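# Notes for the structure review
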Amino acid sequence: MTLNTASEVISLSRKLEEESKSFYQALAQRHPELSEHFLSFAKENEKYTREVERVYYGVITDALEGGFTFRIEPGDYRISTKLQEEISLARAIGAAIKMEEKLQKFYMDSAEQSKSLMADIPRAFAQIVRKRQNRIEELRAMVVMNLNRHEFRSSVY
Amino acid sequence: MLPFMVPLWYSPFALATGNTFIVKPSPRDPISQVKLAELFDEAGIPPGVYNLVHGGAEVSGALIRHPDIKGITFVGTSKVGKDIYQKCGEMGKRAIVQGAAKNFMIVMPDANTSATIPALMTSFFGNSGQRCLSGANLVIVSEEDIFYNKFLDAFVTAASKIKVGYGLDESIQMGPMQSVDGKERVLSYIERGLSEGANLVLDGRQPKISGDYPDTCFIGPSVFIDVKPEMIIAQEEIFGPVAGVLRAKDLDTAIEIANRSRYGNGNAIFTSNGKSAREFQYRIESGNVGINIGIVAPMAFFPFGGMKESFMGILHGQGRDVIRFFTESKVVIQRWF
């Protein structure tokens, strides 16, 4: 079902951030050596939700004002957040990168589609796109940094 | 004397500048104000600083006459507003009176259609058209039939797809009218439009309602075409989800049509041409002016002002104006020996 209203899109954003947060929390438990990174991602997820909500409540003066802007298909942004028992760190990071790319696409599309609203709204979405790009790069760097570790190498190759 | 959440245009400024504040909500929608007063209470505002008094015209009259009340702010119809403004004058009270509106949304042939349509849907049909910043008349500027027909078709198609239903369901795009009276009023304007010869190309009188709700207050988006500036439906505030479409050959004509209105609250132009935008912003007689913005609501740090019969007073709501309204100014002339 296509989402048209800003509140539906914000609810979807909240759900996606929540799922992504749980994924990183689970990852942090599984890999204590990188838990600091993963928990900081989980914390950022909460921040993204707050940022979007703050702009929404600050700029859109009533819920219906943003009721005609979006054409978001939730199915396009379904993310896989289940960590399999035996998954290696490398594969888990690979899954995280895929998830981040999908989330980035969701915010990119939301930014594009909300251009007819006050500029603060697409700007808020665009800012999360940028922050997610940094996160993707950080995740990629984790892969590179850990390449020399045996466990990591064997799971990559 | 303020409807809905409009007291927030004033109360934070009044309290911050050391005043006490009495809200008399509209008797038609008092609940949001009760909630707000509870929040003020919860926040620890001392008793007597933020006050809520319910009632109708009698209560308003008592507030205006009360000697301890220094100023009145009002948002509502121009007719009642004029009366209040007059009484405030007689009592020597300062007043900010914001009245009715009939807002024009002017679309130039160079407008970005895909961005303009959602903005217009919000403007005309958000809140079911029940706000003073709603679009009311859509003026499509085009001598060419191609652009006019294409844009009109996009506008009507988008309006026809609006999901009407229970307003707290987040997938719903348009809720009900605030009251049965309100719906009746809108229906009577639709009848009026038909009798005046306008062509109802989208009829919202029998809306499809999402969910199992009685149709007591629901009305769907309606669009009239072939509307002429002299028609009642082009002049009076309908305060509902009814768009009147007018056609102008050029920007000058569009501005001239809009400026003929006795109201001047929030008019907007949709264009990608800087010259058209500048012409519009300088020449349109409107307190709030939008460039590619459907609801021209200023942020709280800017004054909210109407013109002509949409506003009575000198200082506007919000921003610096309202700070001046809620304070006394002094000039100190000094010399030291």
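Because the structure is predicted, anything quoted here is derived from the model rather than measured. (Residues numbered from 1 in each chain as written. Chains lettered and ligands numbered in written order. Predicted model: local features only at pLDDT ≥ 70, side-chain atom pairs only at ≥ 80, totals over all residues.)

On to the packing of helix H1 (residues 6-30) of chain A against helix H3 (residues 89-113) of chain A, then. Residue and element names in this part refer to chain A. Two elements in contact, H1 and H3, have axes separated by 12 Å at closest approach and are oriented at 165 degrees. Here H3 runs roughly antiparallel to H1, going by the angle between their axes. Between H1 and H3 lies a crossing of left-handed hand. Here Val9, Leu16, Ser20, Phe23 and Leu27 of H1 come into contact with H3, specifically with Ala92, Met99, Leu103, Phe106 and Ser110. Partitioned by chemical class, the residues of the contact of H1 with H3 number eight nonpolar, two polar and no charged. (Axes fitted to C-alpha atoms, helices over the stretch in contact; angles between N-to-C directions. Helix = DSSP H or I, 4+ residues; strand = E, 2+ residues; numbered from the N terminus. Parallel < 35°, antiparallel > 145°, perpendicular 65-115°, else oblique. Left-handed = near helix turned anticlockwise from the far one by under 90°. Contact = placed C-beta atoms within 7 Å. Nonpolar A, V, L, I, M, F, W, Y, C, P; charged D, E, K, R; others polar.)

Its location among the elements puts B:Ser134 in the loop between helix H5 (113-125) and strand S6 (135-141). Ignoring sequence-local partners within four residues, the contact set of B:Ser134 consists of B:Asn103, B:Ser123, B:Phe124, B:Asn127 and B:Gly129.

All right, on to the domain arrangement of chain B then. Split by domain assignment, chain B resolves into domain 1 (6-99 + 310-325) and domain 2 (103-291). Here the side of domain 1 of chain B that touches domain 2 of chain B is composed, by residue class, of one nonpolar, two polar and two charged. (Domains from an automatic or database assignment.)

Attention now goes to the sheet that holds strand S16 (residues 311-312) of chain B. Two orientations exist for strands paired in a sheet by backbone hydrogen bonds: parallel and antiparallel. Residues and elements named next belong to chain B. Taken in spatial order, the three strands make up an open sheet running S3-S4-S16, and their pairing is mixed. With partners counted over all chains shown, the strands left at the sheet margins are strand S3 (71-75) and S16, one partner each. Pairing of S3 with strand S4 (residues 94-98) involves five bridges; the strand directions are parallel. Paired with valine 75 across the bridge in S4 is glutamine 98. Lying on the sheet, helix H4 (residues 78-91) is in contact with S3, S4 and S16; it crosses S4 at an angle near 175 degrees. (Pairing = 2+ DSSP bridges.)

Moving on to H5(B). Residues and elements named next belong to chain B. The end-to-end C-alpha separation of H5 is 17 Å, in line with the 18 Å expected for 13 residues at 1.5 Å each. For H5, the buried fraction is high: 10 of the 13 residues fall into the buried class. Within H5 the residues assigned to the buried category are Thr116, Ile117, Pro118, Ala119, Leu120, Met121, Thr122, Ser123, Phe124 and Phe125. Buried residues belonging to H5 abut strand S5 (103-107), S6, helix H6 (145-160), strand S11 (242-248) and strand S13 (266-270). (Expected span 1.5 Å × (residues − 1). Buried ≥ 20, exposed ≤ 12 C-beta atoms within 10 Å, placed from the backbone.)

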